[in-house]
Number of protein chains: 2
Amino acid sequence: MGAKFKVHGDLRSGNCLKVKWVADHLGLEYEWHDVDVMAGETRTEAFLTTVNPAGQIPALVWPDGRRLAQSNAILRYLARGSVLLPDDPFVMAKVDEWLFWEQYSHEPYVAVARFLMLYRGESAAARPADLVARGESALDFMERALAEAPMLVGSTPTIADVALLAYTRVAHEGGFSLAFRPNTQRWISECESALGIAPIGKKELQ
Amino acid sequence: MGAKFKVHGDLRSGNCLKVKWVADHLGLEYEWHDVDVMAGETRTEAFLTTVNPAGQIPALVWPDGRRLAQSNAILRYLARGSVLLPDDPFVMAKVDEWLFWEQYSHEPYVAVARFLMLYRGESAAARPADLVARGESALDFMERALAEAPMLVGSTPTIADVALLAYTRVAHEGGFSLAFRPNTQRWISECESALGIAPIGKKELQ
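As a convention, each chain's residues are numbered from 1 in the sequence order in which they are written. For naming, the first written chain is A and the first written ligand is 1, with later ones following in the order written. With pLDDT at 70 or above as the cut-off, local features in this predicted model cover only qualifying residues; side-chain atom pairs require 80 or more to be listed or tallied, and sums for whole chains, interfaces and linings still use all residues. Only heavy atoms go into the side-chain values, all of them from the structure, while hydrogens and water stay out.

**Topic: the side chain of Thr158(A)**
Residues and elements named next belong to chain A. Counting from the N terminus, the helices are DSSP H or I runs at least four residues long and the strands are E runs at least two residues long. As for its position among the elements, Thr-158 is in the loop between helix 5 (129-148) and helix 6 (159-168). For the exposure calls, accessible area comes from a 1.4 Å probe over protein chains only, and a residue counts as buried if that area is under 20% of its type's maximum, exposed if over 50%, partly exposed in between. Relative accessible area serves as the criterion here: at 2%, Thr-158 is assigned to the buried category. Each residue touching Thr-158, except ones within four places of it in the same chain, is listed here: Leu-84, Pro-86, Val-95 and Val-153. By definition in these notes, contact holds between two residues if any of their heavy atoms fall within 4.5 Å.

Right, dumping it as structure tokens:
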């Protein structure tokens, strides 16, 4: 630990931004290496053998050869011992619960809808109905949780909030609206402020 | 910690079995409460308000009211400080990498194919082509990893192995074959032996 690591990522990808936000917020030293997924750069022999055999970003590489992939596993590692990951084992478990929920019940719908529209140029109307329904359901679930508590776990941002923030704040780019989700809007602004992220803008949250 | 918790689960579900295997292996005291997902038991008002608002199993409830869902978050919590979760932060991060990979790149294909066949009674031939391709790809990825190392992380089973074992050993029930994946077969037998799980049988692995 301590050695400057390299982050292979794409700044348009929420999964990659999560890593940048946490590293920046904690003042970690790293080198960012842009990767173009759409140009097949995660599928080259060099990428698969030296960066991530699973062909995905974000992926971290340390000077001593250690490698780590999966955005939420990276967040958990980088944030250990910091304000972004509580020490208490059960509170930590509640953070984990959100991290796994994000990758199983939120990202595959909210982020994938955005991918279809932003990267593939498809229209909101062309999104598969099941994808839309599950994305709306995930956003509703968050809205209910955020109506009851200031943050997803506890009262200050944790990596659970970072992980969910990434694609929720750009949900409009996937055809979803946060207009009737005031608690989610409030939470986005508070997370951005606490983490030092440039606000996405009031208009985008409508 | 220490108080006997209740596990709401279904023994046909790999995600639920993971929890049972870890709790049994570590000698934790718990009470198992059978839940029938197909009968809508995870969607009742009582389940949503007192067990898991996300309407999913497995879900743990402690006598003091604490609740925890998401199979891999549960494994991580129950296994902390045990032989199933290494202390070293980076080794732990590699375990996390597999846990997140399992929920994003393996379970949605290998487990969902099994769900379609076992719970819905569909035929292997009726499985969506994309689901099959991604499931085969996930099983190939594991086979390559297990050709290079005895276990997914290190040389003795961790919760990464437990998490992947759950649906990989019953991949045949989803129409997948392990016949040409000898390293995966070897790993399944070794995990079952180390964890004290009744062997799935040679025939099923073909």
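**Topic: the state of the cysteines**
Residues and elements named next belong to chain A. In plain terms, two cysteine sulfur atoms within 2.5 Å form what is called a disulfide here. Evaluated as defined, the whole model comprises zero disulfides over all chains. Just so you know, Cys-16 is unpaired, no disulfide at all, and the nearest cysteine sulfur is the one on Cys-191, 19 Å from it. Exposure remark for Cys-16: the relative accessible area of 0% places this residue in the buried category.

**Some remarks on the interface of chain B and chain A**
The interface is formed by 29 residues belonging to chain B together with 29 residues belonging to chain A. Here the quantity called buried area is the total loss of accessible area, with a 1.4 Å probe, experienced by two parts when brought into contact, counted for both. The largest share of the area that chain B buries against chain A comes from Phe90(B), Phe100(B) and Tyr104(B), three residues that together contribute 29% of it. Counted as salt bridges are all cases of a side-chain nitrogen of Lys or Arg within 4 Å of a carboxyl oxygen of Asp or Glu. Our enumeration of links across chain B and chain A arrives at zero salt bridges. We define a polar contact as two N or O atoms separated by no more than 3.5 Å, with the added condition that, inside protein, one atom must be a possible hydrogen donor and the other a possible acceptor, whereas residues neighbouring each other in sequence contribute only through side-chain atom pairs. The tally of links between chain B and chain A comes to six residue pairs in polar contact (both at pLDDT 80 or more).

**Side note on the sheet that holds strand 3 (residues 59-61) of chain A**
Residue and element names in this part refer to chain A. The four strands are arranged 2-1-3-4 in an open sheet whose pairing can be described as mixed. In the strand order of this sheet, the two ends are held by strand 2 (30-34) and strand 4 (67-69), each with one partner. Across the sheet, the axes of successive neighbouring strands diverge by a mean angle of 20°, strand direction being ignored. Only when DSSP finds a minimum of two bridges between them are two strands counted as paired. Of the pairings in the sheet, the one linking strand 1 (residues 5-9) to strand 2 comprises five bridges and is parallel in character. Considered in strand 2, the bridge of Gly-9 is made with Asp-34. What counts as an axis is a line fitted to C-alpha atoms, over the stretch in contact for a helix, and the angles between N-to-C directions run from 0 to 180 degrees. Against the sheet, helix 1 (residues 14-25) engages strand 1, strand 2 and strand 3, with an angle of about 160° to strand 2.

**Some points on the environment of Ala138(B)**
All names here are of chain B. Within the secondary structure layout, Ala-138 lies in helix 5 (residues 129-148). Judged by relative accessible area, Ala-138 falls into the buried class, the value being 3%. For the pair Ala-138 and Thr-168, spaced 30 residues apart in the sequence, the C-alpha separation amounts to 9.8 Å. Apart from the residues lying within four places of it in its own chain, the contact partners of Ala-138 are Trp-101, Ser-105 and His-106.

**Regarding the packing of helix 4 (residues 89-118) of chain B against helix 5 of chain B**
Residues and elements named next belong to chain B. Relative orientation of the contacting elements helix 4 and helix 5 amounts to 130°, with a least axis distance of 9 Å. Here helix 5 runs oblique to helix 4, going by the angle between their axes. When you trace helix 4 past helix 5, the crossing you get is left-handed. Of the residues in helix 5, those touching helix 4 at Trp-98, Trp-101, Ser-105, His-106, Pro-108, Tyr-109, Val-110, Val-112, Ala-113 and Leu-116 are Leu-131, Arg-134, Gly-135, Ala-138, Leu-139, Phe-141, Met-142 and Ala-145. Charged means Asp, Glu, Lys or Arg here, nonpolar means Ala, Val, Leu, Ile, Met, Phe, Trp, Tyr, Cys or Pro, and polar covers whatever is left, Gly included. For the contact of helix 4 with helix 5, the per-class residue count stands at 14 nonpolar, three polar and one charged. By definition in this entry, angles of less than 35 degrees are roughly parallel, angles greater than 145 are roughly antiparallel, angles of 65 to 115 are roughly perpendicular, and the rest are oblique. By convention the crossing between two helices is left-handed if the near helix lies anticlockwise of the far one by an angle smaller than a right angle, and right-handed if it lies clockwise.

**Some remarks on the relation of the copies chain B and chain A**
Superposing chain B onto chain A takes a rotation of 180° plus a shift of 0.0 Å along the axis, which leaves an RMSD of 0.0 Å. On this basis, the relationship between the two copies can be described by a two-fold rotation axis. Taking C-alpha positions as the reference, the residue of chain B nearest the rotation axis is Tyr104(B), at 3.1 Å. When you check the interface residues of chain B against chain A, 100% turn up at the interface there too, and the contact is symmetric in its surfaces. We superpose the copies by least squares over the C-alpha atoms of residues that have a pLDDT of at least 70 in both of them.

**Some thoughts on unusual backbone geometry**
Across residues other than glycine, the phi torsion is negative in most instances, and most of the peptide bonds are trans. All names here are of chain A. The residue after Ile-57, namely Pro-58, is reached through a cis peptide bond having omega 0°. With a phi angle near 75°, Gln-70 is a residue other than glycine that sits in the positive phi range. Here Gln-70 is to be found in the loop between strand 4 and helix 3 (71-78). Look at Gln-70 and you get buried, because its relative accessible area is 10%.

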